[in-house]
Amino acid sequence: MDEKMDGSAHDRQDTPTYDIVEDIDALRAALAAHGITLPSLGVDPLTLAGWTNHPPLVALGNCTVVTARRLTDALRPAAGG
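All values derive from a computational prediction rather than experimental measurement.

Enquirer: Just checking my understanding: could you explain the nonpolar core for this structure?
Expert: What tends to happen in soluble globular proteins is that the nonpolar side chains get buried as a cluster. By size, the foremost hydrophobic cluster in this structure holds 6 residues: Ile20, Ile24, Leu31, Ile36, Leu38 and Leu41. Isoleucine 24 has contacts with Leu41, Gly42, Val43 and Val58, leaving out every residue within four places of it along the chain.

Laid out in structure tokens, this is it:
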């Protein structure tokens, strides 16, 4: 199984990193597995600019109501509901 889809990225959730491209790719793949696309998914350019000591943020961007519903439907079972 691909490392990006087997949960190993999830295992690193408490480890901040400055190289978040792999994590963004893993999120994009997980969303795609549910038929969800966030066109503006990427690295937040303001936090990437380096004026902060914190790792860059993932920019999830805006989405349509249909995409928000798909996200809700995909996440609800994982939350036990």
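Still more ground to cover, so stick around.
Enquirer: Can you help me understand the layout of surface pockets in this one?
Expert: In this approach a probe as big as a water molecule rolls over the atoms, and the regions it shows empty are the leftover space. Size it by volume and the second largest pocket reaches roughly 240 Å³. The set of elements that each furnish at least two residues to the lining of the second largest pocket consists of helix H2 (21–33) and helix H4 (65–75). In terms of residue class, the lining of the second largest pocket is built from 10 nonpolar, 2 polar and no charged.

Enquirer: Mind showing me how you'd approach the pattern of salt bridges here?
Expert: Working definition: two side chains of opposite charge can pair if their charged atoms are close together. Applying the stated criterion to the full structure yields 2 salt bridges. Here aspartate 25 makes a salt bridge to arginine 28, at a shortest N to O gap of 3.3 Å. With aspartate 25 and arginine 28 both in helix H2, this residue pair falls 3 residues apart, about one helical turn. A residue is classified by how much of its surface remains accessible, and aspartate 25, at 31% relative accessible area, is partly exposed. By relative accessible area, which is 36% here, arginine 28 ends up partly exposed. Between aspartate 73 and arginine 76 there is a salt bridge; the shortest N-O distance is 3.8 Å.

Enquirer: What exactly am I supposed to notice about the side chain of threonine 47 here?
Expert: With respect to the secondary-structure elements, threonine 47 resides in helix H3 (residues 45–48). Within the local environment of threonine 47, its side chain forms a polar contact with the backbone nitrogen of leucine 57, the two atoms lying 2.8 Å apart.

Enquirer: Got a minute to help me understand a nonpolar patch on the surface in this structure?
Expert: A cluster of nonpolar side chains, namely Leu27, Val58 and Leu60, defines an oily patch on the protein surface of about 210 Å² accessible area. Topologically, valine 58 is positioned in strand S2 (residues 58–59).

Here is what the cut-offs are and how they apply
Residues numbered from 1 in each chain as written. Predicted model: local features only at pLDDT ≥ 70, side-chain atom pairs only at ≥ 80, totals over all residues. Heavy atoms only, no water. Core = buried A, V, L, I, M, F, W, Y, C linked by side-chain atoms within 4.5 Å. Buried < 20%, exposed > 50% of the residue type's maximum accessible area, 1.4 Å probe, protein only. Contact = heavy atoms within 4.5 Å. 1 Å grid on protein atoms, 1.4 Å probe; cavity = no way out; pocket = protein on both sides within 12 Å on 5 of 7 lines; lining within 4 Å. Points joined across faces, edges and corners; volume = space filled by probe spheres on them. Helix = DSSP H or I, 4+ residues; strand = E, 2+ residues; numbered from the N terminus. Nonpolar A, V, L, I, M, F, W, Y, C, P; charged D, E, K, R; others polar. Salt bridge = Lys/Arg side-chain N within 4 Å of Asp/Glu carboxyl O. Polar contact = N/O pair within 3.5 Å; in protein donor to acceptor, adjacent residues only side chain to side chain. Patch = residues over 30% accessible without salt bridge, like charges linked within 9 Å, V, L, I, M, F, W, Y side chains within 5 Å. Areas by Shrake-Rupley, 256 points an atom, 1.4 Å probe, with all protein chains shown as cover.

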